[in-house]
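Here is what each chain is made of, one letter per residue.
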Amino acid sequence: MSDRNIRRLATGGVLAGAIFLLTAFVRVPLAAGYLNFGDVGVFLAALLLPAGYAALAAGVGSALADLYGFPLYAPVTLAVKGIAALVFALLWRRLKGPLRYLAFLSVLIVPLGYFLFEIVVYAEFAWADLPLNLLQSAVGAALALLLDRATKGRFSV
């Protein structure tokens, strides 16, 4: 295994752990679930790691946090957060100039993914979480970009 892959795996593991902590312990409780800062880590992983590594770190870290508090959501979270990080990373790297900010459309994956799951589980009550999931995802992506800019992307692997 090359040094580059070892660095990527190690960074992905650290980010998965940070995502777990930001999701499970840095949160604002709500009637059905909570708002958390885990999405900052999800989108930061997308900025720092290649797409596949980012997806794995984002999905695993987020799903572990759900196993800790809301196990019903863990499989959905693994997929939704992993896909959001994957799409963000791919768009961010492939688009240039102002088009690069189209990567932020990937923040819609999180609320849409949870909505599709919750419409099955909670029926018409699924609409209640939609705005908060969108807010959490958008703020997470914006804060991740600010952190990346503040460090001038020095931690990308």
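Below you will find a few notes about this structure. (Residues numbered from 1 in each chain as written. Predicted model: local features only at pLDDT ≥ 70, side-chain atom pairs only at ≥ 80, totals over all residues. Heavy atoms only, no water.)

### Things to note about the overall build of the protein
- When you go through the protein residue by residue, the secondary structure sums to 6 helices and 2 strands.
- Helices and strands appear in the protein in the N-to-C order α-β-β-α-α-α-α-α.
- Taking 157 residues into account, the globule formula puts the C-alpha radius of gyration at 15 Å, and the protein, at 15 Å, falls close to it.
- For the protein, the C-alpha atoms occupy an extent of roughly 45 × 35 × 25 Å along the three principal directions.
- A separation of at least 24 residues holds for 66% of the contacts in the protein among residues at least 6 apart in sequence.
- Approximately 8,200 Å² of the protein is accessible, and the part contributed by carbon and sulfur atoms is 75%.
- With 12 positive and 7 negative side-chain charges, the protein shows a separation of 18 Å between the mean positions of the two kinds. (Helix = DSSP H or I, 4+ residues; strand = E, 2+ residues; numbered from the N terminus. Rg over C-alpha atoms; globule rule 2.2 N^0.38 Å. Contact = heavy atoms within 4.5 Å. Areas by Shrake-Rupley, 256 points an atom, 1.4 Å probe, with all protein chains shown as cover. Lys, Arg positive; Asp, Glu negative; His and termini not counted. Charge placed at Lys NZ, Arg CZ, Asp CG, Glu CD.)

### Observations regarding the pattern of salt bridges
- This model, assessed by the stated rule, comprises 1 salt bridge.
- Between K81 and D39 there is a salt bridge; the shortest N-O distance is 2.4 Å. With a gap of 42 residues between them, K81 in helix α4 (residues 74-94) and D39 in helix α2 (residues 38-48) connect regions that are remote in the sequence.
- With a relative accessible area of 5%, K81 lands in the buried category.
- Exposure remark for D39: the relative accessible area of 0% places this residue in the buried category. (Salt bridge = Lys/Arg side-chain N within 4 Å of Asp/Glu carboxyl O. Buried < 20%, exposed > 50% of the residue type's maximum accessible area, 1.4 Å probe, protein only.)

### Thoughts on a nonpolar patch on the surface
- On the surface, a cluster of nonpolar side chains totalling about 820 Å² of accessible area is made up of L21, F25, V26, F37, Y68, L135, V139, L143 and L146.
- For V139, the position within the fold is in helix α6 (residues 126-150).
- Residue classification places V139 among the partly exposed residues on the basis of a relative accessible area of 35%. (Patch = residues over 30% accessible without salt bridge, like charges linked within 9 Å, V, L, I, M, F, W, Y side chains within 5 Å.)

### Examining the nonpolar core
- Formed by 31 residues in total, the largest nonpolar core has its most connected members in F43 and F88.
- When residues of this core are traced back to their parent elements, those giving at least two are α1 (3-24), α2, α3 (51-69), α4, α5 (109-122) and α6. (Core = buried A, V, L, I, M, F, W, Y, C linked by side-chain atoms within 4.5 Å.)

### Focus: the side chain of S106
- Summarising the element assignment, S106 is placed in the loop between α4 and α5.
- By relative accessible area, S106 is classed as buried at 2%.
- For S106, the side chain forms a polar contact with the main-chain oxygen of A103, separated by 2.7 Å.
- Those residues in contact with S106 that lie beyond four places of it in its chain are F43, A84, V87 and F88. (Polar contact = N/O pair within 3.5 Å; in protein donor to acceptor, adjacent residues only side chain to side chain.)

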